[in-house]
Amino acid sequence: MRDIHRLAVASVVLCLAAALPARAEVEYRAAVLRVDAPGPAPISRLDLVPEDLGFAGAELGTADNATTGGFMGQSFTTETIAATPESAEAEISRLLDEGVPYIVLLADAPMTLRLADLAGDRALVFNAMAPEDSLRGADCRANLLHVAPSDSMIADALAQYLVWKKWTDWFLIEGSHPQDQALAAAYRRAAEKFGARIVEERVYEDTGGARRTDSGHVQVQKQMPVFTQRARDHHVVVAADRAGVFADWLPYHTWDARPVAGSSGLVPESWHPAHEAWGATQFQTRFERLANRPARDEDYQVWMALRAIGEAATRTQGGDFAAIRDFILSGDFDLAAFKGQSLSFRDWDGQLRQPVLLSAGNVVASVSPQEEFLHQVSQLDTLGIDQGETECER
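Below, the structure is looked at part by part. All figures in this text were calculated on a predicted structure; none of them were measured in a lab.

**Description of the packing of aromatic side chains**
So, point 1. Applying the stated criterion to the full structure yields 16 aromatic pairs.
So, point 2. Ring plane angle 85 degrees and centroid distance 5.2 Å describe the contact between F194 and F373, whose orientation is recorded as edge-to-face. Within this pair, whereas F194 is found in helix α6 (residues 178-194), its partner F373 is found in the segment after β12 (363-368), the two being separated by 179 residues in sequence. Comparing F194 with F373 shows no difference in burial state: the two are buried.
So, point 3. Centre to centre, the rings of Y204 and F227 are 5.2 Å apart; their planes meet at 75 degrees, and the pair counts as edge-to-face. With Y204 in strand β7 (residues 197-204) and F227 in helix α7 (residues 216-227), this residue pair connects regions lying 23 residues apart in the sequence.
So, point 4. On the basis of relative accessibility, which here comes to 23%, the residue Y204 falls in the partly exposed class.
So, point 5. Three or more aromatic residues joined by ring pairs form one cluster here, namely W271, F283, F287, Y300, W303 and F338.
So, point 6. Taking NZ or CZ as reference, R34 lies 4.4 Å from the ring centre of F55, over its face.

Okay, here's the thing in structure tokens:
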């Protein structure tokens, strides 16, 4: 019966399309530029970066745009480029010279800022990876939109859940890298915002060395309990470890028997392979059929960026760059993205409003914002920097 229903729907769509007057095809060109910076291998081999990271999301997003666009005389093409920090500027310059008006970036914060400045008013740039609040604050740019959730959104999402659980006394452990410190600052802000208390803070220094060796687990089993010993009484350990140095070793190794959250344990993130609510199963299965692996945050975030372009193209038609840009930033824009509600961009800092998943191993334990936390405009604005707090001057 389901197949018959699909055939009937397809027949109706084809009949309607045939009845419409022929339109000149409009092409929408986009690019995904991933900047692969050298760095240490992750702690777990399960976290090794796939070669098509982000690019598989681009393929699915382009295909989804084409499904709708095909009936409206629209075509969508997406070029994917893996660059190095040394070649990234040349690559984006080439794209701009070729007239590509929509560029999705997978890069760290300093590189994202440099490339957005190079693009200027010649392209609309989507940040699909860098979480730093500075990109949405003092370093914001008028041409830069953020589909990746910010550090503050991630921290607020976790804080809401921990406060709901009445786990309000936190032992905060941060890494020694700048991105770890930025995330730790977001957790401090979230604790103050939602009424939690950081009872103690410690810094885990990255001393380098092998992270996956025969003796690694033996050393950690001896060292991590000592590192966490004699902490003030706390409900939960909150880890700020963007660099991926120590957090994965915290569960079951802390001196006190306490849950771990943040960069391991209960993890706030934009996507998770176990997410099935609100129609997400069909996204998961289509992606897995295409890429032969589960979708990661970066894949989902690239997909959202391209779907934002496709949604704006559907609503504006004609292919005008200024019309697309203005519509995406308008109050009329909304994006369906398998998270239970429509998503939109904040006009004060270019951040995409979105729920944040809280994953624990193989399940999604909860989704923030938690229903107890209200906002006068949008409950999604309880996550991240609100309009009255922003340092952005777009």
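**Focus: the pairing of strand β2 (residues 74-83)**
Residues in a regular strand point their side chains to alternate faces of the sheet.
So, point 1. Sheet analysis places strand β1 (residues 26-35) next to β2, joined by ten bridges and oriented parallel. The residue bridging Y28 from the neighbouring strand is F76, located in β2.
So, point 2. Following the backbone out of β1, through helix α2 (residues 55-69) and into the adjacent parallel β2, one traces a crossover that is right-handed.

**Some thoughts on helix α3 (residues 88-97)**
Each turn of an α-helix holds 3.6 residues, which means side chains three or four residues apart point in the same direction.
So, point 1. Taken residue by residue, α3 has A88, I92, L95 and L96 as its buried positions. Around the axis of α3, the buried residues are gathered within 100 degrees of arc, so they sit on the same side. Every exposed residue of α3 that faces more than 90 degrees away from the buried side is listed here: A90 and D97.
So, point 2. In the core, the buried residues of α3 are packed alongside β1, β2, β3 (102-106) and α4 (109-119).

**Overview of the environment of T314**
So, point 1. Relative to the assigned elements, T314 resides in helix α9 (residues 297-316).
So, point 2. Taking the C-alpha atoms as reference points, T314 and M72, separated by 242 residues in sequence, lie 7.9 Å from one another.
So, point 3. Discounting chain neighbours no more than four positions away, the residues touching T314 are T68, M72 and Q74.

**Digging into empty space enclosed by the protein**
So, point 1. Under the counting rule described, the total for this entry stands at two cavities of 30 Å³ or more.
So, point 2. One number sums up the size of the largest cavity: a volume of about 50 Å³.
So, point 3. Lining the largest cavity, in full, are Y28, A30, T62, N65, F76, T77, T78, L306 and I309.
So, point 4. Put simply, the parts of the chain that give the lining of the largest cavity at least two residues each are β1, α2, β2 and α9.

**Digging into the state of the cysteines**
So, point 1. Counted according to the given criterion, the structure contains one disulfide.
So, point 2. The side chain of C140 participates in a disulfide bridge whose partner is C392; the two sulfur atoms lie 2.1 Å from each other. In this structure, the disulfide formed by C140 and C392 twists by about 95 degrees around the S-S bond and is classed as right-handed. Taken together, the residues C140 in the loop between β4 (124-127) and β5 (144-146) and C392 in the segment after β12 connect sequence positions 252 residues apart. Each member of the pair, C140 together with C392, is buried.

**Comments concerning unusual backbone geometry**
So, point 1. Here S368 and P369 are connected by a cis peptide whose omega angle stands at 15 degrees.
So, point 2. By the element assignment, P369 lies in the segment after β12.
So, point 3. We note that Y252 has phi near 70 degrees; this positive angle belongs to a residue other than glycine.
So, point 4. Turning to its location among the elements, Y252 is positioned in the loop between β8 (236-240) and β9 (260-262).

**Some thoughts on the sheet that holds β2**
So, point 1. Judged by pairing direction, the sheet is parallel, and its five strands sit side by side in the order β2-β1-β3-β4-β5 without closing on themselves. Every other strand in the sheet has two partners, leaving β2 and β5 as the edge strands with one partner each. On average, each strand axis in the sheet is tilted by 25 degrees relative to the strand beside it, whichever way the strands run.
So, point 2. Relative to β3, β1 runs parallel, the two sharing five bridges. From the neighbouring strand, R34 faces β3, where its bridge partner is L106.
So, point 3. Here α9 sits on the sheet and contacts β1, β2, β3 and β4; the angle it forms with β3, its principal contact strand, is near 165 degrees.

What counts, and where the lines are drawn
Residues numbered from 1 in each chain as written. Predicted model: local features only at pLDDT ≥ 70, side-chain atom pairs only at ≥ 80, totals over all residues. Heavy atoms only, no water. Phe/Tyr/Trp six-rings, centres within 6.5 Å; stacked < 30°, edge-to-face > 60°. Helix = DSSP H or I, 4+ residues; strand = E, 2+ residues; numbered from the N terminus. Buried < 20%, exposed > 50% of the residue type's maximum accessible area, 1.4 Å probe, protein only. Lys NZ or Arg CZ within 6 Å of the ring centre and 35° of its normal. Pairing = 2+ DSSP bridges. Right-handed = clockwise from strand over helix to strand, strands pointing away. Arc of directions from axis to C-beta. Contact = heavy atoms within 4.5 Å. 1 Å grid on protein atoms, 1.4 Å probe; cavity = no way out; pocket = protein on both sides within 12 Å on 5 of 7 lines; lining within 4 Å. Points joined across faces, edges and corners; volume = space filled by probe spheres on them. Disulfide = S-S within 2.5 Å. Axes fitted to C-alpha atoms, helices over the stretch in contact; angles between N-to-C directions.

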